[in-house]
Amino acid sequence: MSNDPVTFPSAGHDHLACVNSALGEAERFCKRRGLRLTPTRRRVLELIWQSHRPSGAYELLEQLAAEGHKPSPPTVYRALDFLLENALIHRVSSRNAFVGCAYPGNDHMAQIFVCDRCGVAVEQADDSLNRHIRHKAQDIHFKIRSQTVELVGLCPLCNGDSDDR
């Protein structure tokens, strides 16, 4: 992973570039692993990346229905399960929602920073913090199955600490 921070999107941020990059990475990852990125899985991933805000399953279902699709809740949940299992998204437990993974296809422990004013979320995967957590788990003979640290606060735009004011 990288200690290079993924930053919060600026006011003029091009979400389409993020969506296209995420979809391209997901397609390459699935091709390398021999996995199928079905149209539903692809569209769910695309919807998750569109706003940089955590998206809930029923929100995704409503968006798909508004586009004329008729997916059932299990269809959306199966797509989410596939995306989670293959490290293409993360679950934000505190919001019962999902965000796109900034390090797709890599098995890693994430830190998700969520702005409680605008709802935007960004991921970090700090190697030193992750090493520290793994060492602490080893010290107490705890086997980590999965881990996402969620941090809630104010993003640079909402706390007035942005060059985009």
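Heads up: these notes are all about the structure in this document. (Residues numbered from 1 in each chain as written. Predicted model: local features only at pLDDT ≥ 70, side-chain atom pairs only at ≥ 80, totals over all residues. Heavy atoms only, no water.)

**Concerning the pattern of salt bridges**
Then, number 1: In this structure the tally under the stated criterion is four salt bridges.
Then, number 2: Glu25 is the salt-bridge partner of Arg28, the closest N and O atoms lying 3.0 Å from each other. With Arg28 and Glu25 both in helix H1 (residues 15–33) and three residues apart, this pair spans about one turn of that helix.
Then, number 3: With relative accessibility at 46%, the residue Arg28 sits in the partly exposed group.
Then, number 4: Among the residues examined, Glu25 registers a relative accessible area of 31% and is labelled partly exposed.
Then, number 5: Between Glu27 and Arg42 there is a salt bridge; the shortest N-O distance is 2.7 Å. On the criterion of sequence distance, the pair formed by Glu27 in helix H1 and Arg42 in helix H2 (residues 39–49) is long-range, its members being 15 residues apart.
Then, number 6: Using a relative accessible area of 29% as the deciding quantity, one classes Arg42 as partly exposed.
Then, number 7: Several salt bridges converge on common partners, so that one network encompasses Arg43, Glu46 and Glu67. (Salt bridge = Lys/Arg side-chain N within 4 Å of Asp/Glu carboxyl O. Helix = DSSP H or I, 4+ residues; strand = E, 2+ residues; numbered from the N terminus. Buried < 20%, exposed > 50% of the residue type's maximum accessible area, 1.4 Å probe, protein only.)

**A short note on the packing of H2 against helix H4 (residues 73–85)**
Then, number 1: Orientation of H2 relative to H4, taken along the N-to-C sense of each, is 75°, at an axis distance of 9 Å. With respect to their mutual orientation, H2 and H4 come out roughly perpendicular. Packed against H2, whose contacting residues are Thr40, Arg41, Val44, Leu45 and Ile48, the element H4 presents Thr75, Ala79, Leu80, Phe82 and Leu83 at the interface.
Then, number 2: Its residues placed into classes, the contact of H2 with H4 shows seven nonpolar, two polar and one charged. (Axes fitted to C-alpha atoms, helices over the stretch in contact; angles between N-to-C directions. Parallel < 35°, antiparallel > 145°, perpendicular 65-115°, else oblique. Contact = heavy atoms within 4.5 Å. Nonpolar A, V, L, I, M, F, W, Y, C, P; charged D, E, K, R; others polar.)

**Let's talk about the sheet that holds strand E5 (residues 148–153)**
Then, number 1: Pairing is mixed in the open sheet, where three strands are placed in the order E4-E3-E5. What marks the edges here is a single partner per strand, and that holds for strand E4 (121–124) and E5. The average angle at which neighbouring strand axes cross in this sheet is 20°, direction not considered. (Pairing = 2+ DSSP bridges.)

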